[in-house]
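# Structural overview for review
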Amino acid sequence: MRKPVLEFRDVSFSYGGKKPILDQLNMTVYDREFVTIIGASGSGKSTLFRLITGLEQEETGAVWLNGEQFKSRHGRTGYMPQQDLLMPWRTVLENASVPLELAGVSKREAAKRIIPLLDEFGLEGSADKYPSELSGGMRQRVSFLRSVLTGSNILLLDEPFSALDAITRLSMQEWLLDQWEQREKTILFITHDVNEALFLSDRIFIFRDTPVRTLEEVAVPLSRPRSQRDLNDPAVIKLKNDLIDQLRNEVKKP
Ligand SMILES: Nc1ncnc2c1ncn2[C@@H]1O[C@H](COP(=O)(O)OP(=O)(O)O)[C@@H](O)[C@H]1O
Ligand SMILES: [Mg+2]
């Protein structure tokens, strides 16, 4: 039996009672799934993440995490927001420490836990560097490390690779899949890149009309491990073209 780790039950949401974004949305994500959300800009993808993290509250309905409903969902998911929020005045080590500090872990203990992880995150020798001294890919790895250090089984990654050049992006995708498998996490990932969605995901959710009432859902017909070349499979190319058509239709609407 697959265990649900995230459930939306009839969730409705709007910002300040205006323009509804979600309308009685139901959604289930299962343990150790990789789910990608695609949709036109402004369709409410980031809002969905803000609801999951507890930064926004549902107006009606309920959000369940790991089979429970919490009064406050703060700190219960690892969240990497759309803008990389590394603090420029903090080193890599100090930035990565934030979730541990919030959990009351001492600075020394935090460093003891983080230093061995830097290697695994491709950040060896960078503990004392500042974000401005890092490449885009390294900054994203620090952000990702920070979301993993929340200890949550659910990671929410909002367009994490959109600012990277094409080649760095491909290697970050492969790296992320490795991490996801090793760490046994459930990942929700937002992107507007259809290839990225196909390469990474088990399922793709499509945000079509706002307000979002139902999610259209596509299962990616690829086994794992995957290579970028698998995207040349005719079934995947067809799916890619269908997805692009759907997204294009969304944009054309008035
Ligand atoms: N804090 C906010 N207050 C009011 N409206 C917002 C706020 N954040 C986003 N919106 C609006 O909600 C809609 C969905 O935004 P968002 O979830 O960021 O979309 P996406 O991530 O799909 O591009 C947009 O119309 C946006 O302008
Ligand atoms: Mg967004």
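Summarising the metal site, the magnesium ion (ligand 2) is bound by the protein donors Ser 46 (OG) and Gln 82 (OE1), whose distances to it range over 2.1 to 2.5 Å. On the criterion of sequence distance, the pair formed by Ser 46 in helix 1 (residues 45-53) and Gln 82 in the loop between strand 5 (78-80) and helix 2 (92-96) is long-range, its members being 36 residues apart.

Residues in contact with ligand 1, as listed here, are Tyr 15, Lys 19, Ile 21, Ala 40, Ser 41, Gly 42, Ser 43, Gly 44, Lys 45, Ser 46 and Thr 47. Here an oxygen atom of ligand 1 and a backbone polar atom of Ser 43 are 3.2 Å apart. The protein chains hide 60% of the 560 Å² of surface that ligand 1 would expose on its own. Among the elements that take part in the shell around ligand 1, helix 1 stands out by supplying three residues, more than any other. The class makeup of the residues in the shell around ligand 1 is three nonpolar, six polar and two charged.

Turning next to the packing of aromatic side chains. Counting across every chain of the model gives seven aromatic pairs. Taking the centre distance of 5.5 Å and the plane angle of 75 degrees together, the rings of Phe 34 and Trp 180 count as edge-to-face. Residue Phe 34 is found in strand 3 (residues 34-39), and its partner Trp 180 is found in helix 6 (residues 166-183); the two are separated by 146 residues along the sequence. Taking the relative accessible area as the measure of exposure, Phe 34 reaches 0% and is therefore buried. Measuring from ring centre to ring centre gives 5.5 Å for Phe 144 and Trp 175, while their planes differ by 75 degrees; the resulting arrangement is edge-to-face. Residue Phe 144 is located in helix 5 (residues 136-148), and its partner Trp 175 is located in helix 6; the two are separated by 31 residues in the primary sequence. A single burial state applies to Phe 144 and to Trp 175, both of which are buried.

Take the domain arrangement of the chain next. Domain boundaries assigned for the chain yield domain 1 (4-77 + 153-252) and domain 2 (86-151). Computed over C-alpha atoms, the centres of domain 1 and domain 2 are 25 Å apart. Counting residues at the interface gives 15 residues for domain 1, matched by twelve residues for domain 2. Both faces considered, domain 1 and domain 2 share a buried interface measuring about 1,100 Å² in area, 65% of it formed by carbon and sulfur atoms. In terms of surface lost to domain 2, no three residues of domain 1 exceed Leu 155, Trp 175 and Arg 183, which account for 42% of the buried area on that side. The tally of links from domain 1 across to domain 2 stands at one salt bridge. In this structure, Glu 120 engages Arg 183 in a salt bridge whose closest nitrogen and oxygen atoms are separated by 2.7 Å. Where domain 1 touches domain 2, the interface holds three residue pairs in polar contact (both at pLDDT 80 or more). Where the side of domain 1 that touches domain 2 is concerned, the elements lending two or more residues are strand 6 (154-158) and helix 6. Per element, the largest residue contribution to the side of domain 1 that touches domain 2 is seven residues, and it comes from helix 6. The class makeup of the residues in the side of domain 1 that touches domain 2 is eight nonpolar, five polar and two charged.

Before going further, it helps to examine the sheet that holds strand 3. One open sheet holds the six strands; their spatial order is 5-6-7-3-8-9, and the pairing between them is mixed. Each edge of the sheet is formed by a strand with only one pairing partner; in this case those strands are strand 5 and strand 9 (216-219). Between one strand and the next, the sheet's axes are offset by a mean angle of 15 degrees, whatever the strand orientation.

What follows covers the packing of helix 5 against helix 6. Across the interface, helix 5 lies against helix 6 with an axial gap of 11 Å and an inter-helix angle of 20 degrees. By the criterion of interaxial angle, the relationship of helix 5 to helix 6 is roughly parallel. By crossing handedness, the relation of helix 5 to helix 6 is classed as right-handed. Between helix 5 and helix 6, the contacting residues are Gly 137, Gln 140, Arg 141, Phe 144 and Val 148 on the first element and Thr 168, Met 172, Trp 175, Leu 176, Gln 179 and Arg 183 on the second.

So, about helix 6. Over its 18 residues, helix 6 extends 26 Å from the first C-alpha to the last, a length consistent with the 26 Å expected when each residue adds 1.5 Å. Following helix 6 by one or two positions, Glu 184 has its phi on the positive side, about 55 degrees.

Attention shifts here to unusual backbone geometry. For the bond from Arg 224 to Pro 225, the omega torsion is -5 degrees, close enough to zero to count as cis. Positive phi outside glycine occurs at Gln 24, with the angle close to 50 degrees. Within the secondary structure, Gln 24 is located in strand 2 (residues 20-30). Of note, the phi angle at Glu 184 is positive, near 55 degrees, even though the residue is not glycine. Note on placement: Glu 184 falls in the loop between helix 6 and strand 7 (186-190).

Cut-offs and rules
Residues numbered from 1 in each chain as written. Chains lettered and ligands numbered in written order. Predicted model: local features only at pLDDT ≥ 70, side-chain atom pairs only at ≥ 80, totals over all residues. Heavy atoms only, no water. Donors = N, O, S within 2.8 Å, 3.2 Å for Na, K, Ca; no water. Helix = DSSP H or I, 4+ residues; strand = E, 2+ residues; numbered from the N terminus. Near = heavy atom within 4 Å. Polar contact = N/O pair within 3.5 Å; in protein donor to acceptor, adjacent residues only side chain to side chain. Areas by Shrake-Rupley, 256 points an atom, 1.4 Å probe, with all protein chains shown as cover. Nonpolar A, V, L, I, M, F, W, Y, C, P; charged D, E, K, R; others polar. Phe/Tyr/Trp six-rings, centres within 6.5 Å; stacked < 30°, edge-to-face > 60°. Buried < 20%, exposed > 50% of the residue type's maximum accessible area, 1.4 Å probe, protein only. Domains from an automatic or database assignment. Contact = heavy atoms within 4.5 Å. Buried area = accessible area lost by both parts, 1.4 Å probe. Salt bridge = Lys/Arg side-chain N within 4 Å of Asp/Glu carboxyl O. Pairing = 2+ DSSP bridges. Axes fitted to C-alpha atoms, helices over the stretch in contact; angles between N-to-C directions. Parallel < 35°, antiparallel > 145°, perpendicular 65-115°, else oblique. Left-handed = near helix turned anticlockwise from the far one by under 90°. Expected span 1.5 Å × (residues − 1).

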